[in-house]
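Spelled out, the chains give:
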Amino acid sequence: MLGDPYQALLELNERYGEVCKFGVAGQHYVMLFGAEANRLLLDDSPKRPRFLSRDVLSLLIPVVGSCAMVVSDGHEHRRRRSLVQPAFAYRRLQRYVPTMTAEVERMLSAWEPGSTVDAFAAVRSCIRRIAIRCLFGERLQEHTDVIGRELETALHYINRSPFLRFDHDLPGTGYRKAVAARKRVDDLVRAEIDQRRAEPQDRGDVLEALLTSCTHSGERLSDLEVRDQVISLIASGYDSSSSAAGWAVYALLSRPEVYARVRAEVARVAGDEPLTHAHLEAMDYVGWTIKEILRLHTPGVLTGRTAVEDVEFAGHTIPAGTKVLYSQYVTHRMPSLFPDPLEFRPERWDPSAPDYREPVPYSWVPFGGGYRHCIGFTFAELELRALIAELARRTELTLAVDSVAPVGVATMWPKGGVPVTVGSVHPPRSRDLAAEPA
Ligand code: HEM
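Bear in mind that the values here come from a model prediction, so they are computed numbers and not experimental data. All residue numbers refer to positions counted from 1 along the written sequence of the respective chain. For this predicted model, a pLDDT threshold of at least 70 governs which residues receive local features, and a threshold of 80 or more governs which side-chain atom pairs are given and counted, while totals over whole chains, interfaces and linings are taken from all residues. Hydrogens and waters are ignored; side-chain quantities use all the structure's heavy atoms.

Caption draft 1: Expanded view of the pattern of salt bridges. Throughout this description, the term salt bridge denotes a Lys or Arg side-chain nitrogen within 4 Å of a carboxyl oxygen of Asp or Glu. Applying the stated criterion across every chain, the model contains 32 salt bridges. Between R124 and D239 there is a salt bridge, with the nearest N and O atoms lying 3.0 Å from each other. Separated by 115 residues along the polypeptide, R124 in helix α8 (residues 119–136) and D239 in helix α12 (residues 223–253) bring together distant segments of the chain. As far as burial versus exposure is concerned, R124 and D239 are alike and both buried. What emerges from the salt-bridge pattern is a single network uniting E76, R79, R80, E219 and E225. Numbered from the N terminus, helices here are DSSP runs of H or I no shorter than four residues, and strands are runs of E no shorter than two. Exposure classes here rest on a 1.4 Å probe applied to the protein chains alone. A residue is buried below 20% of its type maximum, exposed above 50%, and partly exposed in between.

Caption draft 2: Region of the structure containing the side chain of Q229. Secondary-structure assignment places Q229 in helix α12. On the basis of relative accessibility, which here comes to 1%, the residue Q229 falls in the buried class. Any two residues whose heavy atoms approach within 4.5 Å at even a single point are treated as in contact. Apart from the residues lying within four places of it in its own chain, the contact partners of Q229 are C67, A68, M69, R80, V84, L210 and L221.

Caption draft 3: A look at the environment of T303. Structurally, T303 is set in strand β5 (residues 302–307). For T303, a relative accessible area of 18% translates into the label buried. Along the chain, T303 and V324 lie 21 residues apart, while their C-alpha atoms are 8.6 Å from each other. If sequence neighbours within four positions are ignored, T303 has contacts with L57, V324, L325, Y326 and Q328. Reaching out from T303, the side chain makes a polar contact with the side chain of Q328 at a distance of 3.1 Å. Nitrogen and oxygen atoms within 3.5 Å of one another constitute a polar contact, given that in protein one can donate a hydrogen and the other can accept it, and given that sequence-neighbouring residues count only through two side-chain atoms.

Caption draft 4: Structural context of the sheet that holds strand β9 (residues 395–399). Strand order in the open sheet formed by three strands is β4-β12-β9, with antiparallel pairing between adjacent strands. Strands at the two margins of the open sheet, each flanked by one partner only, are β4 (116–118) and β9. Across the sheet, the axes of successive neighbouring strands diverge by a mean angle of 40°, strand direction being ignored. Two strands pair if DSSP finds at least two bridges between them. As defined by bridge partners, β4 adjoins strand β12 (residues 419–425) across three bridges and the pair is classed as antiparallel. As a rule, the C-alpha atoms of each element are fitted with a line to give its axis, helices using only the stretch in contact, and angles between N-to-C directions run from 0 to 180 degrees.

Caption draft 5: Region of the structure containing the site of the ligand. Taken together, the neighbourhood of the ligand is formed by 25 residues, with H77, R81, R305, P366 and C374 sitting nearest. R81 is positioned such that a nitrogen or oxygen atom in its side chain is 2.8 Å from an oxygen atom of the ligand. Of all the secondary structure elements, the ones that give two or more residues to the shell around the ligand are α5 (74–84), α12, β5 and α17 (377–394). Ranked by residues supplied to the shell around the ligand, first place goes to α12 with six residues. Proximity is defined per residue: any heavy atom of the residue falling within 4 Å of a molecule or strand makes that residue near it.

Caption draft 6: Spatial organisation of unusual backbone geometry. Not every positive phi belongs to a glycine, and D340 is a case in point at roughly 45°. Mapped onto the elements of the fold, D340 is located in the loop between α16 (328–331) and α17. Note on D340: relative accessible area 46%, which makes it partly exposed. Although it is not a glycine, Y362 adopts a positive phi angle of roughly 65°. Mapping Y362 onto the fold places it in the loop between α16 and α17.

Caption draft 7: Structural detail: the nonpolar core. To form a nonpolar core, buried Ala, Val, Leu, Ile, Met, Phe, Trp, Tyr and Cys residues must be joined to one another through side-chain atoms within 4.5 Å. The biggest cluster of nonpolar side chains holds 123 residues, and the ones touching the most others in it are M107, W111, F136, L210, V262, M283 and V420. For this core, the element with the most residues is α12, which contributes 16 residues. Those residues in contact with M107 that lie beyond four places of it in its chain are A122, V123, C126 and L387.

Set out below in structure tokens:
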């Protein structure tokens, strides 16, 4: 598990089937594999859950904060989720497309022909800027790089194997550095919240939506809760999405036949017009390509819950109190669910293809499922569509390495980045970049 966690997970499934138990460093886990296992853990009742999240996901707290939705359970989770949900309303998300494309254009304008750039590092900072601008509006932009640097320190800590962590606040530890980095972001966000409370006005961003959100019974998020939601949204919003974006560049450049179809579709749908939400929605093949990227390069490798009561599964009793894990990585590679699972074939998602098979429920779970499914999935998909479309129509790139391996347990990153050689970057003909705010 410590050496190659991905292979170890596949081998556990191959050797033990749907259920196995293992222990590492004094921790015991039950691992469940397959679509039915995912259904068991994800298709839970929000009012009377059989599985809780906080205990297993508490390793995220140094970054997301203890009030974040992802580490909340029960009534607190329901309340926080219903107060955050309006910030992700479909119509609101459409407004973010110009910010997304402007940031991709900004990234591309720095790529010199003939140079080699790490596309993963570049998309990571681009996606971080998108997340911060869409969440906070323009005012915190000057702090974008500071926020990014600090969160990056904290994210690197939590992306260590849980078995190699040492969560004690002692001098020189990674834990202390992560907590201190998070504290510096807290201070910036708290100052912004104070300022907004003092001068309320509709700025149209996610922070404003969180500050004004109110349930039917008049409940609101406290300032502490707003702060933790905002920081966890930035962290989730860019860590998983940028991992997917890095893999997207790799997947397209290593599969010329797929990339050629992507480029043809982007040219047909959008030509050289500024990308709109309608263009992005109309790109079916790009959408299937993203599904395939999220299947084979799913940013989340495994997720867990703690059973709150005895649960039966596949002839076994899982006792209350057990930490139970499921793996998106393994499910997405099961031949029974995805024929020729290691083949990257966007066409498998085309409902009009002759060999199309309706996906088995809970077989494709990059965004989780059930009442805790990813609240940012539409945002993430739009962002990936915008990135792929701009890369496809503006750049000539080649991979500078033969292959890229994965690394990381909380999020699967491309190890060593995605080095690409820049052939050319065409400036947008129909858009005046100078008009974009810095
Ligand atoms: C490709 C990109 C993304 C992937 C693969 C992804 C994946 C996931 C997964 C698997 C979960 C469920 C975790 C669980 O069941 O315990 C989740 C939850 C969550 N995600 Fe994402 N995510 C992505 C992008 C985003 C973005 C862009 C945002 C926000 C801007 C976001 C915010 C959240 C939040 C707040 C939760 C917690 C939901 C809850 O507990 O009710 N994610 N995400």
